Amino acid sequence: MKIAQHNGRAVIVIGDTVADIANATQGRIGPDMSSVFDNWDEVVALGQSITTGDTPLDMATLGCPAPTPRQVFAIGLNYRQHAEESGMDIPAVPATFTKFPASLSGPYSNIEIVGASVDWEVELVAIIGRQADHVAAADAWTYIAGLTVGQDISDRKLQMAAGRQFSLGKSRRGFGPMGPWIVTPNEFDDPNDLALGCSVDGEVVQDARSSDLIFNIPTLIEELSSVLTLYPGDVIFTGTPSGVGMARTPPRALTAGNVLETWIEGIGTMRNTCV
Ligand code: ZN
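Note that residues are indexed from 1 along each chain, following the sequence as it is written. Only residues with pLDDT of at least 70 get local features here, since the model is predicted, and only at 80 or more are side-chain atom pairs given and counted; chain-wide, interface and lining totals rely on the full set of residues. Excluded from the side-chain calculations are hydrogens and water; all other atoms, namely the structure's heavy atoms, are used.

**Notes on the overall build of the chain**
Here a strand is any run of E in DSSP of at least two residues, a helix any run of H or I of at least four, and the numbering for each starts at the N terminus. For the chain, the helix and strand inventory stands at seven helices and 18 strands. Two things to know: the radius of gyration comes from C-alpha atoms, and the globule rule equals 2.2 Å times the number of residues to the power 0.38. The globule rule puts the C-alpha radius of gyration for 275 residues at 19 Å, and the 18 Å found for the chain is close to it. Across its three principal axes, the chain shows a C-alpha extent of roughly 55 × 40 × 35 Å. Partly exposed residues are those whose accessible area sits between 20% and 50% of the maximum for their type, while under 20% is buried and over 50% is exposed, using a 1.4 Å probe and protein chains only. Expressed as a percentage of the 275 residues in the chain, the buried residues total 54%. What makes two residues a contact is simply this: any of their non-hydrogen atoms within 4.5 Å. Within the chain, counting contacts between residues at least 6 apart in sequence, those at least 24 apart form 75% of the total. Calculation of accessible area relied on Shrake-Rupley with a 1.4 Å probe; when residues are assessed, cover is drawn exclusively from the protein chains displayed. Here the chain displays about 11,300 Å² of accessible surface, and carbon together with sulfur accounts for 50% of that area.

Okay, structure coming up:
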């Protein structure tokens, strides 16, 4: 099943149509996305009972599929080659920070360029579907609503300022594109092994597989839920592979006019224009 925010309303995407969740539940669930995750089991059952949508899918109206999470987690240095290109040691535990929810944006949103150090980071993003406390990795997938594509856009100058402040440097307006929709784990042959990448003006700059994650999604759920409660709709940016602009010689940054395309196998492609 695919879940999206379409024209500002929660929908199930079925082929090239969408089914409005609020209409299908007589207004009990939706049209906001947060109620979808708070009633996730019902939405899964609804998805199994609906076979056609009621409205044509209009990709241009897709918004952030998890726009109001209680918590956003982001993991740094979670691919070996990216840790190496950053000149950092492999962390012993997930290097966790947040992207403040105000930075989250849609799959076709503009990225506002501020300064000369705005960088790209393709990331596989997991959305929580059930409250999670002390979950074992072996059970973790049952707590995941689904996966989506994300960009952890980063202002490197702000990120490294004042000692280090990853969270603020990765939370400028529009710095968290997500989408185009959330795909449930059962749709993948192996949700732990997906190709992901991104391109700038058509030139591929990142190209990897999520099976290279140091801490994969089940391990992240175990680690994070051992510390605090994960809530339905929470967002986890799982980390970026190698190929970021900061690590290039000379370093490369996004500039106004660049078109950033970001994709993950089995999910889809985002297209964000820098302005
Ligand atoms: Zn990142």
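Moving on from the coordinates now.
**Observations concerning the coordination of the zinc ion**
Every protein donor of the zinc ion is listed here as Glu121 (OE), Glu123 (OE) and Asp152 (OD), and their distances to the metal cover 1.9 to 2.1 Å. Note that water is not among the atoms used; donors are N, O and S atoms within 2.8 Å of the metal (3.2 Å for Na, K and Ca), so sites may look incomplete. All donor residues of the zinc ion come from one chain, and their arrangement in sequence is E-x1-E-x28-D. For Glu121, a relative accessible area of 4% translates into the label buried.

**So, the environment of Ala19**
The residue Ala19 is located in strand β3 (residues 17-20) in this model. Sequence separation between Ala19 and Gly47 is 28 residues, and the spatial gap between their C-alpha atoms is 9.2 Å. Discounting chain neighbours no more than four positions away, the residues touching Ala19 are Ala10, Val11, Ile12, Ile14, Ile50, Thr52, Gly53 and Asp54.

**Quick notes on the packing of aromatic side chains**
What counts as a ring pair is set by centres within 6.5 Å for rings of Phe, Tyr and Trp (its six-membered ring), and what kind of pair is set by the plane angle: stacked under 30 degrees, edge-to-face over 60, tilted for all other angles. Under the defined criterion, the tally for this structure stands at two aromatic pairs. It is Lys99 that lies over the ring of Phe237; its NZ or CZ is 5.6 Å from the centre. Charge over a ring is defined by NZ of Lys or CZ of Arg lying within 6 Å of the ring centre and within 35 degrees of the ring normal. Here Arg130 stacks its cationic end above the ring of Tyr143, 4.3 Å away from the centre of that ring.

**Quick word on the sheet that holds strand β15 (residues 203-209)**
Any two strands between which DSSP finds at least two bridges are classified as paired. The antiparallel open sheet is built from four strands, whose spatial order is β15-β14-β17-β18. The open sheet terminates on both sides in strands that have one partner only, identified here as β15 and β18 (268-273). Adjacent strand axes in the sheet meet at a mean angle of 10°, parallel and antiparallel pairs treated alike. Axis lines are fitted to C-alpha atoms, over the contacting stretch for helices. Their N-to-C directions set the angle, which ranges from 0 to 180 degrees.

**Digging into the pattern of salt bridges**
The working definition used for a salt bridge is a side-chain nitrogen of Lys or Arg within 4 Å of a carboxyl oxygen of Asp or Glu. Under the counting rule described, the total for this entry stands at 13 salt bridges. Among the ionic pairs, Glu121 bridges to Lys170, the shortest N-O distance being 3.2 Å. Highlighted residues: Glu121 in the loop between β9 (118-119) and β10 (122-128) and Lys170 in the loop between α6 (166-169) and β13 (176-183), separated in sequence by 49 residues. For the pair Glu121 and Lys170, one class covers both residues: buried. Here the residues in one salt-bridge network are Lys99, Asp119, Glu121, Asp152, Arg156 and Lys170, joined through shared partners.

**Points about unusual backbone geometry**
In the segment running from Gly30 into Pro31, the intervening peptide bond is cis, with an omega of 5°. Counting through the fold element by element, Pro31 comes out in the loop between α1 (21-24) and α2 (33-38). Cis geometry marks the peptide bond from Thr249 to Pro250; its omega dihedral reads -10°. Looking at the secondary structure, you find Pro250 in the loop between β16 (235-237) and β17 (259-264).

**Quick word on the domain arrangement of the chain**
Taken domain by domain, the chain holds domain 1 (2-61) and domain 2 (72-273). Look at where the C-alpha atoms of domain 1 and domain 2 centre, and you get two points 25 Å apart. Tallying the contact residues gives nine residues for domain 1 and 12 residues for domain 2. Note on terms: buried area is the combined drop in 1.4 Å-probe accessible area of two parts once they are placed together, counting the loss on both. Surface buried jointly by domain 1 and domain 2 totals about 1,000 Å² across both partners, of which 71% is contributed by carbon and sulfur atoms. Residue ranges assigned to the domains are those given by an automatic or database domain assignment.

**As for the nonpolar core**
Leu147, Ile221, Leu254 and Ile267 are the most contacted members of the largest nonpolar core, which has 49 residues in total. Counting only domains with at least three residues in this core, you end up with domain 1 (2-61) and domain 2 (72-273). Once residues lying within four places of it in the same chain are set aside, the contact partners of Ile267 are Leu124, Leu147, Thr148, Val149, Gly179, Trp181, Val183 and Phe188. Only buried Ala, Val, Leu, Ile, Met, Phe, Trp, Tyr and Cys residues count toward a nonpolar core, and they belong to the same one when joined by side-chain atoms within 4.5 Å. Membership of the second largest hydrophobic core comes to 28 residues, among which are Met33, Trp40, Ala74 and Met178.

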